[in-house]
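An overview of the molecular structure
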Amino acid sequence: MSGFGGFPTPFEILRMAINKFFPKAAMTLTNTMTMPRTNSIGGRGTINSGMAEEKKEVPYISFSAVVGRNSRFHDLTEEQMDELGGVEYRGLRVLLYIVIAVSHPD
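These numbers come from a predicted model, not from an experiment.

Definitions and cut-offs
Residues numbered from 1 in each chain as written. Predicted model: local features only at pLDDT ≥ 70, side-chain atom pairs only at ≥ 80, totals over all residues. Heavy atoms only, no water. pLDDT = per-residue confidence, 0-100. Helix = DSSP H or I, 4+ residues; strand = E, 2+ residues; numbered from the N terminus. Contact = heavy atoms within 4.5 Å. Buried < 20%, exposed > 50% of the residue type's maximum accessible area, 1.4 Å probe, protein only. Patch = residues over 30% accessible without salt bridge, like charges linked within 9 Å, V, L, I, M, F, W, Y side chains within 5 Å. Areas by Shrake-Rupley, 256 points an atom, 1.4 Å probe, with all protein chains shown as cover. Salt bridge = Lys/Arg side-chain N within 4 Å of Asp/Glu carboxyl O.

Describing the confidence of the model for the protein
In the predicted model, the protein carries a mean pLDDT of 76, and 71% of its residues have values of at least 70. Mean pLDDT values over the elements of the protein span from 64, in strand E1 (residues 39-42), up to 88, in helix H3 (residues 78-103). In the model, residues 47-52 has pLDDT below 50 throughout and makes five contacts with residues more than four positions away in sequence or in other chains.

If you want it as structure tokens, here you go:
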């Protein structure tokens, strides 16, 4: 326990009580509240029908990528990083125009 000086916090006590008295509900809540550590993202035409439920197809990249926590891409080549950087640059440029339009409603 990492609470107050080695004692459990009230939240930890509540969590332990729920786990003890309602184990099924606690497991369901845990499964719905946790996110997988990695997601697979496929570019245009890179996902076959058997893998469609495991990957999300996005139209703005042309390669398959594995995305970890905090939207970090793993194992990209230099060309893939350049393509992804271009997508991010275009997104930031559009966001700049939106911010300018909202802040100056002339």
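Section: the environment of Leu84
Positionally, Leu84 belongs in helix H3. Judged by relative accessible area, which is 9%, Leu84 ranks as buried. Considering only alpha carbons, one finds Leu84 and Tyr60, 24 residues apart in sequence, at a separation of 8.6 Å. In contact with Leu84, other than residues within four places in its own chain, are Ile61, Phe73 and Leu76.

Focus on a nonpolar patch on the surface
On the surface, Leu92, Val94, Leu95, Ile98, Val99 and Val102 cluster together to form a nonpolar patch covering roughly 570 Å² of accessible area. With respect to the helices, strands and loops of the structure, Leu95 is situated in helix H3. Residue Leu95 is classed as partly exposed on the basis of its relative accessible area, which comes to 45%.

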